[in-house]
Amino acid sequence: MKALYNVGEFMTALDNIAGFLLPYGGMACAISALVVLAIGFLGAPYLVWAIVVTGLLLGYAAPEWLLITYVAISLLFIIKPLRTLLVSKVVMFVMNKLKFVPVISETEKTALEAGVVWIEADLFSGKPNFKKMLEVPYAKLTAEEQAFLDGPVEKVCQMADDWKITQERALPKEVWDVLKREKLFGMIIPKEYGGLGFSAYLHSCVIKKLSSRCVPLSTTVMVPNSLGPAELLIHYGTQAQKDRYLPKLAVGEEIPCFALTEPTAGSDAGSITASGELFKGDDGKIYVKLNWNKRYITLAAISTVLGLAFKLRDPKNILGKGEDLGITCALIPTKTPGVVVGRRHDPLTIPFYNCPTQGKDVVVPLDAIIGEESGVGRGWKMLMECLAAGRGISLPGQATGGVALATLGTSAHATIRKQFGLSIGKFEGIEDPLARMTGFSYILEAQRRLTCSGLDLGVKPPVVTAICKYNATEMSRTAVNDAMDILGGNAISRGPRNFIANGYIGMPISITVEGANILTRTLIIFGQGAIRAHPYAYKELNALEKNDAKAFDAAFWGHVGHVVRNLFRAVLLSVTRGRLSISPVSGAHAKYFRKMSWASAVFALMADVALGGLGGALKTRGKLTGRYADFLSWMYFGFAVLYRFEKDGKPKEDIPLLDYSMQHAFTQMQRAMDGIYENLDIPVLKWILAGPIRFWSGLNIYSATISDKNTHDVSYLIQQDSAQRARLLDGIFVPKEKDQAIGRLAYAFTMVKKAEDIERKMRRAVRKKLIPKKKGLELVELAFGNKIIDASEYEVMKQAEAVRLDAIQVDDFAPEEYFYKPGNNHGH
């Protein structure tokens, strides 16, 4: 009945459209074009298309045969049961025959199903609902969490001497004692088990602060609060397992590690060879015999409980579930016979515990499996779901803290250090990398707040957290390299005064762990995103796998409509540079929301071009998927910046940072899409994409590149002793002691800025030839002697020049200090 009712509506509407169009000539053509553009842009359903096109055919007196043919085809597509039987089933047969859909392994399928989709789905849609996206609550600390950050976390930062820890290659016992006593290993453990039960945002804030002090310290705290025994137990453990382990993990009585990586199973973690075999003991109970060879396992050498991922077999079918039960996770006390721990790797000399571990015929009871029998074969799902959250907290928090530290110290140095009579921060060659560091610090804090806001809502979005891990660590690498360039000799001379060298040396570690960046970019971000975040692709895959024609019909034709809508949106928003879209806000960032709509429409369309044109072959095209990943990443980071600017109250003084961040984001999107146009080799389409469309893209770019004025403005603002600078770099550890690297620089920066007005007064006197041109203290003495400055100004200038000179010194060592000796804290 519903189909007949639609047909009746259809015929009535035809008469109305035809009656309207016939009296008009050229105007009718214009009206027709506008109607077609409007329904395409708005994504009208097929019924509306059928009515309008048939009306146009009538209005322009199309031949009767053409009209009848079109109406017949339209009815075929409007009446769903008919369409499913005569069209969709044929499409399913062809797609299966041509092996159009990529083969997805069980581990890949589990990874796809882990977590949920979130904001990335809107960005992938081609028509993001920014109003809804902005409704995500802005992450804030509770009073208890703020007190923890200002108290125990601040205290442990004060106790941790990064240089001394690097030289002694270990955290001091008193630091370990505080970490345990103050429950820094139990931040994610619920309070009912003796933990702190803090938010993801607080967890990230702690890592950010610790990372700005000492990387081995932050890494030691990261692991027990990330993917490992505690998190696995919280979500999947039995009550008995929780009661046994969580209270001891919370206070560091048990030290955890988690063993996943093997010599032959790195990024392809599903290929692990660690094995477990079920058997019945003489007592009639079920046991597991385990064998493994793992490496790169943080904390393994000092762990008391080892989490292990292994493939479980049941050759005698004791559990009645078959022989191969799949990847399983278990908790093994490291004192169990056959467990080997104690040796260490040396990850680029950064002294955190990173270790190998082996197990030979290790026997544990069935209840060692996380979840006991219900956890059998569910290990991979557990790991993927936990990683879907954890990957967005630890390493992005570490990267944000590291970049903020680099920005604070480097901007202070650039202000303090003079060459040719000027602070080097005023040189244009310095302004560019200093602005990039500042802009990256702003962007990284924006993504950290947005991502943690989602995680604290209970969302676990694997694509988003992969975006954050990859891009945050890569941006950190760029920022640290910029710092090295600006600091020059002060960066390469190691010692207690050097705040950047250890971060520079250890940077590749964060690039490598929790999914190597190369594979995260080329396989996970777009590989998973293209299926999970796409509104129809995953539904189509499921329907094909289940041979469900009805579900496939709904998904496939929804997908077709999605492509048509995004084609119209991409063209119209490109021609109008996004002006046809509506911004959910007013102010300086409104124009960027409109451009984001334009970018999303183009991305969604081109994603479907790749999916439709390459099918399963896209899985092997890492260069292409990497470019799509870049585009999607910078849409997310771009939205994070807009979200932060809006939630911060649209501060006028932050507009240079807003502009810098968004122009950088759009530049990355432009570069990625141009690479896609040039390299998407689909027959027929290839020359269109690489030719006219690429040419148009070059003329009609999303945004101009970052201007010299913008880099000057951003570089200038970070070199001011202002509330804005303090706000932008808030959340990192700045020692109050003036004999520590960052404390010395921070104090010198404050004194030099305090002296700037006095210095300008002296320079004016030089220009007026009241005193000769001199440098440093010699000029100060002349200015005071000639009464250019008064006694109080003289004291300020003397102090400023003294701390300026002290702040740019580097460490040196006597031969007996330089060569390492046991117990010599200064040796190399």
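Residues numbered from 1 in each chain as written. Predicted model: local features only at pLDDT ≥ 70, side-chain atom pairs only at ≥ 80, totals over all residues. Heavy atoms only, no water.

Peer 1: Explain the overall build of the protein chain here, please?
Peer 2: Counting its secondary structure elements, the protein chain contains 35 helices and 9 strands. Since a compact globule built from 828 residues should have a radius of gyration of about 28 Å, the 31 Å found for the protein chain is in line with a globular shape. Its C-alpha atoms put the protein chain at 100 × 95 × 45 Å along the principal axes. Scored against the burial criterion, the 828 residues of the protein chain give a buried share of 55%. Expressed as a percentage of contacts within the protein chain between residues at least 6 apart in sequence, the contacts between residues at least 24 apart total 76%. A total of about 35500 Å² of accessible surface is found on the protein chain, and carbon and sulfur atoms cover 59% of it. Once the 97 positive and 81 negative side-chain charges of the protein chain are each reduced to a mean point, those two points are 3 Å apart. (Helix = DSSP H or I, 4+ residues; strand = E, 2+ residues; numbered from the N terminus. Rg over C-alpha atoms; globule rule 2.2 N^0.38 Å. Buried < 20%, exposed > 50% of the residue type's maximum accessible area, 1.4 Å probe, protein only. Contact = heavy atoms within 4.5 Å. Areas by Shrake-Rupley, 256 points an atom, 1.4 Å probe, with all protein chains shown as cover. Lys, Arg positive; Asp, Glu negative; His and termini not counted. Charge placed at Lys NZ, Arg CZ, Asp CG, Glu CD.)

Peer 1: What exactly am I supposed to notice about helix 26 (residues 622-647) here?
Peer 2: Residues spaced three or four apart along an α-helix face the same direction, because each turn holds 3.6 residues. For helix 26, which comprises 26 residues, the first-to-last C-alpha distance of 36 Å matches the rise-based estimate of 38 Å (1.5 Å per residue) to within 8%. Counting buried residues in helix 26 gives 21 out of 26 residues, a clear majority hidden from the surface. Where helix 26 terminates, the next one or two residues include glycine 649, which has phi positive at roughly 90°. (Expected span 1.5 Å × (residues − 1).)

Peer 1: Just checking my understanding: could you explain a nonpolar patch on the surface for this structure?
Peer 2: Among the surface-exposed residues, Leu567, Val571, Val575, Phe695, Trp696 and Leu699 lie close enough to one another that they form a single nonpolar patch of about 630 Å² accessible area. Those elements that place two or more of their residues in the nonpolar patch are helix 24 (549-575) and helix 28 (685-699). (Patch = residues over 30% accessible without salt bridge, like charges linked within 9 Å, V, L, I, M, F, W, Y side chains within 5 Å. Salt bridge = Lys/Arg side-chain N within 4 Å of Asp/Glu carboxyl O.)

Peer 1: Teacher, can you tell me more about the pattern of salt bridges here?
Peer 2: Opposite charge on two side chains allows them to pair when their charged atoms are near. The full count for this structure, using the stated rule, is 34 salt bridges. Where glutamate 653 meets arginine 727, a salt bridge forms, and the shortest distance between an N and an O atom there is 3.3 Å. You can see glutamate 653 sitting in the loop between helix 26 and helix 27 (655-679) and its partner arginine 727 sitting in helix 30 (residues 723-728), a full 74 residues away along the chain. You can call arginine 727 partly exposed: its relative accessible area is 32%. Residue lysine 774 is joined to glutamate 778 by a salt bridge in which the shortest nitrogen-to-oxygen separation is 3.9 Å. Looking at lysine 774, the relative accessible area reads 36%, which means it is partly exposed.

Peer 1: For this particular structure, what's the right way to read the pairing of strand 7 (residues 354-365)?
Peer 2: It is a general feature of regular strands that their side chains alternate between the two faces of the sheet. Both strand 3 (residues 286-298) and strand 7 contribute to a ladder of 9 bridges, which runs antiparallel. Bridge pairing links threonine 298 to asparagine 354 in strand 7. Direction of pairing for strand 6 (residues 339-340) relative to strand 7: antiparallel, over a ladder of 2 bridges. Note on strand 7: the bridge partner recorded for valine 340 is glutamine 358. (Pairing = 2+ DSSP bridges.)

Peer 1: Whenever I open this one, the pairing of strand 1 (residues 256-259) confuses me. Can you help?
Peer 2: Across the two faces of strand 1 the burial is the same, with Pro256 and Phe258 and Cys257 and Ala259 all buried. Note that strand 1 and strand 4 (residues 305-313) share 4 bridges and pair parallel. Residue pairing in the sheet places proline 256 in a bridge with valine 305 of strand 4.

Peer 1: Sorry, what's going on with the nonpolar core here?
Peer 2: In a soluble, globular protein the nonpolar side chains are often hidden away together inside. Counting residues in each nonpolar core, the largest one holds 118 residues, and the members touching the most others are Met596, Met606, Tyr636, Phe639, Met669 and Leu680. For this core, the leading source of residues is helix 25 (residues 590-614), giving 16 residues. (Core = buried A, V, L, I, M, F, W, Y, C linked by side-chain atoms within 4.5 Å.)

Peer 1: Looking at this model, I keep getting lost on the side chain of glutamine 663. Mind explaining?
Peer 2: Its location among the elements puts glutamine 663 in helix 27. In this structure, glutamine 663 is in contact with Tyr592, Ser703, Ala704, Thr705, Ile706, Ser707 and Asn710, ignoring residues within four places of it in sequence.

Peer 1: Could you clarify how one ought to interpret helix 22 (residues 517-532) in this entry?
Peer 2: Across the 16 residues that make up helix 22, a large majority, 12, are buried. If you check which residues of helix 22 are buried, you get Asn517, Thr520, Arg521, Thr522, Ile524, Ile525, Phe526, Gln528, Gly529, Ala530, Ile531 and Arg532.

Peer 1: Help me out: how do you make sense of the confidence of the model for the protein chain in this one?
Peer 2: When pLDDT drops low, the exact placement of atoms in the prediction is not to be read closely. Of the residues in the protein chain, 91% reach a pLDDT of 70 or more, and the chain-wide mean stands at 89. Between residues 1-8, whose pLDDT stays under 50, and residues either more than four places distant or in other chains, the model counts 4 contacts. (pLDDT = per-residue confidence, 0-100.)

Peer 1: How should the side chain of glutamate 540 be read in this particular structure?
Peer 2: With respect to the helices, strands and loops of the structure, glutamate 540 is situated in helix 23 (residues 537-546). Nearest to the buried, unbridged glutamate 540 among oppositely charged side chains is lysine 539, at 9.9 Å. Apart from the residues lying within four places of it in its own chain, the contact partners of glutamate 540 are Phe552, Ala555, Phe556 and His559.

Peer 1: When you look at the packing of helix 31 (residues 741-754) against helix 34 (residues 791-807) in this model, what are you seeing that I'm missing?
Peer 2: For any two helices packed against each other, the geometry comes down to the angle between their axes and how far apart the axes lie. In the contact formed by helix 31 and helix 34, the axes pass within 9 Å of each other and the chain directions differ by 145°. At the point where helix 31 passes helix 34, the crossing takes the left-handed sense. Residues Arg744, Leu745, Tyr747, Ala748, Met751, Val752 and Lys754 of helix 31 form the contact with helix 34, whose own contacting residues are Val796, Gln799, Ala800, Val803, Arg804, Asp806 and Ala807. Residue composition of the contact of helix 31 with helix 34, grouped by class: 9 nonpolar, 1 polar and 4 charged. (Axes fitted to C-alpha atoms, helices over the stretch in contact; angles between N-to-C directions. Left-handed = near helix turned anticlockwise from the far one by under 90°. Nonpolar A, V, L, I, M, F, W, Y, C, P; charged D, E, K, R; others polar.)

Peer 1: What is the right way to look at unusual backbone geometry in this model?
Peer 2: The bulk of non-glycine residues show a negative phi, and the bulk of peptide bonds are trans. Notably, leucine 299 is not glycine yet its phi reads approximately 75°, a positive angle. Looking at the element boundaries, leucine 299 is found in the loop between strand 3 and strand 4. A positive phi angle, close to 60°, is found at lysine 787, a residue other than glycine. Tracing the backbone shows lysine 787 in the loop between helix 33 (776-785) and helix 34.

Peer 1: In this structure, what is going on with the packing of helix 17 (residues 394-416) against helix 31? I would like to understand it.
Peer 2: With their axes 9 Å apart at the nearest point, helix 17 and helix 31 run at an angle of 45° to one another. Between helix 17 and helix 31, the angle falls in the class oblique. The hand of the helix 17/helix 31 crossing is left-handed. Taken together, the residues of helix 31 that come into contact with helix 17 (itself represented by Leu405, Leu408, Gly409, Ser411, Ala412, His413, Thr415 and Ile416) are Ile742, Leu745, Ala748, Phe749, Val752 and Lys753. Partitioned by chemical class, the residues of the contact of helix 17 with helix 31 number 9 nonpolar, 4 polar and 1 charged. (Parallel < 35°, antiparallel > 145°, perpendicular 65-115°, else oblique.)

Peer 1: What should I look at first to understand the packing of aromatic side chains in this one?
Peer 2: Centre distance and the angle of the planes are the two values used to describe a pair of aromatic rings. What the rule picks out here adds up to 25 aromatic pairs. Judged by centre distance (4.5 Å) and plane angle (15°), the rings of phenylalanine 526 and tyrosine 628 are stacked. Separated by 102 residues along the polypeptide, phenylalanine 526 in helix 22 and tyrosine 628 in helix 26 bring together distant segments of the chain. Using a relative accessible area of 0% as the deciding quantity, one classes tyrosine 628 as buried. With a centroid separation of 5.3 Å and 90° between ring planes, the pair formed by tyrosine 818 and phenylalanine 819 is classed as edge-to-face. Tyrosine 818 sits in the partly exposed class, given a relative accessible area of 42%. Every member of this aromatic cluster is reached through a ring pair, and the members are Phe124, Phe526, Tyr592, Trp598, Phe603, Tyr628, Phe631, Phe666 and Tyr702. A cation over an aromatic ring shows up here: arginine 725 above the ring of phenylalanine 749, its NZ or CZ 4.0 Å from the ring centre. If you follow lysine 738 out to its NZ or CZ, it ends over the ring of tyrosine 747, 4.7 Å from the centre. (Phe/Tyr/Trp six-rings, centres within 6.5 Å; stacked < 30°, edge-to-face > 60°. Lys NZ or Arg CZ within 6 Å of the ring centre and 35° of its normal.)

Peer 1: Explain the environment of glycine 402 here, please?
Peer 2: Mapped onto the elements, glycine 402 comes out in helix 17. Once the C-alpha coordinates of glycine 402 and isoleucine 732 are considered, the two residues, 330 residues apart in sequence, prove to be 8.7 Å apart.

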